[in-house]
Amino acid sequence: NNFEDDVFYSSQYFSDVAFDAKVNFEKVQFCSWADFTQTQFLAFANLSRIQFYSTARFLGAQFDSLAYFYKTRFHSLANFKMAQFHKLAYFKNAQFDSLADFSHAHFKSSSNFLNVQLPKVLKFDGTMINKPIDLTRCQLKPGQDFCYISLIDAPIEKLHLTYDNFRILKPDGILTRTHYQRLNSVYEKLLKNFKDQGYLSSYEMLDIEYQAFKYLQNPDYVNYRWFYIIWNELRKNWTNYGYNKEWILLYVLFFLLVFTIINWLMFPYLSQKVYPVPSINRALFGNITFRQQRYMNRTGLNFSRLDLAFYYTTIIFFGLKMSTEAINYRRSGVILIYVEYIVGLICLGYLANFIVSSQLIA
């Protein structure tokens, strides 16, 4: 059973064959389909350094001894569905380019995926794993951002991986209830896996993805889809789902700047006609003539009152001694005053949460 260095240009079918002695396929080139469906490898199977240029099908194959795929290259689909690995499954330095499907396979012993080049899609749906499989030292090929991994009904606690190289495989858009529930279970189990193994960076990346998943693909939200799309964008861009609470400092500065500019352009109309602040009005009109006051009442670019506009904005934004009784509700600027006030209250709430959670105050 020695096929070493052979080149097969046409499709090859080894399905339902039982190799009862050592079989050697080292450095074989399969230029077309290679079918090992239900093949039994009763002894050592040397499948190293093979080039599978087309589909490699090991559907239901049985490896009773060492399955040796060292440096084997799968240029297309690698189908190991329902394969049985009774001994060591050795994939060290193997390369998967497209899809590697181990769905419902059974790893009864150890495995080695050291330095494996990850495919675009990797499936472990319903896979049975007796001993942990370590995927932490797998690699992406140059130019590949990540590998989509499918873990539905998989024993996730038996998989060791970080989320740097992976993303959960899921369709776009609203899911069916069953599919959503199964993927939701995958997220929760994988989050627990990362937490138990101390992979905090992976936990954060996955949890951020999970939050978006719950808002955007939950079938219960289909009737309010646009609301949850907007709400998701707000949560993502406001504090990154709570992982970047310090962003509130930038938002406070941003809103203060924007509202100060708006108030400055409308000054002193706002301070006189809409929401008078006595101390500011005294600073503006304390010792000036009526003609000067008429001139200063004009809105526009007057840099001499920019500092007062900032002070006026902080009074409203932070609610400093703000009195709603002083507001003239018959003037058109009332909505602006309340927008600034409400936005300020929201920012103050998040700012307080950031200070407390960061333990800036003992």
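See above for the structure.
This structure is a prediction, so every number in the text was calculated from the model and none was measured.

Draft legend 1. Main features of the environment of Tyr311. Position of Tyr311 relative to the elements: it lies in helix H8 (residues 306-317). You can call Tyr311 partly exposed: its relative accessible area is 40%. Separated by 158 residues in sequence, Tyr311 and Asp153 place their C-alpha atoms 60 Å apart. Sequence-distant contacts of Tyr311, that is, excluding residues within four places in its chain, are made with Ser279 and Ile280.

Draft legend 2. A look at the packing of helix H2 (residues 200-216) against helix H3 (residues 225-239). In contact at an axis separation of 9 Å, H2 and H3 are set at 160° when each is read in the N-to-C sense. Here H2 lies roughly antiparallel to H3, going by the angle between them. Once H2 is placed against H3, the crossing between them reads as right-handed. Along the contact surface, H2 presents Gln211, Ala212, Tyr215 and Leu216, while H3 presents Arg225, Tyr228, Ile229, Trp231, Asn232 and Arg235. The class makeup of the residues in the contact of H2 with H3 is six nonpolar, two polar and two charged.

Draft legend 3. Structural view of the packing of aromatic side chains. Considering all chains together, one arrives at 65 aromatic pairs under this definition. Aromatic side chains Phe36 and Phe41 sit 6.1 Å apart centroid to centroid with 35° between the ring planes, which places their arrangement in the tilted category. For Phe36, a relative accessible area of 0% gives the class buried. With centroids separated by 3.8 Å and ring planes inclined at 5°, the aromatic side chains of Tyr221 and Tyr228 adopt a geometry described as stacked. Its guanidinium or amino end placed over the ring of Tyr210, Lys214 lies 4.6 Å from that ring's centre, counting from NZ or CZ.

Draft legend 4. Structural context of the sheet that holds strand S8 (residues 45-46). The parallel open sheet is built from five strands, whose spatial order is S4-S8-S12-S16-S20. Unpaired on one side and paired on the other, strand S4 (23-24) and strand S20 (111-112) mark the two borders of the sheet. Pairing geometry for S4 and S8, over two bridges, is parallel. Following the sheet pairing, Asn24 is matched in S8 by Asn46.

What counts and how
Residues numbered from 1 in each chain as written. Predicted model: local features only at pLDDT ≥ 70, side-chain atom pairs only at ≥ 80, totals over all residues. Heavy atoms only, no water. Helix = DSSP H or I, 4+ residues; strand = E, 2+ residues; numbered from the N terminus. Buried < 20%, exposed > 50% of the residue type's maximum accessible area, 1.4 Å probe, protein only. Contact = heavy atoms within 4.5 Å. Axes fitted to C-alpha atoms, helices over the stretch in contact; angles between N-to-C directions. Parallel < 35°, antiparallel > 145°, perpendicular 65-115°, else oblique. Left-handed = near helix turned anticlockwise from the far one by under 90°. Nonpolar A, V, L, I, M, F, W, Y, C, P; charged D, E, K, R; others polar. Phe/Tyr/Trp six-rings, centres within 6.5 Å; stacked < 30°, edge-to-face > 60°. Lys NZ or Arg CZ within 6 Å of the ring centre and 35° of its normal. Pairing = 2+ DSSP bridges.

These values are about where atoms sit, not about what they do.
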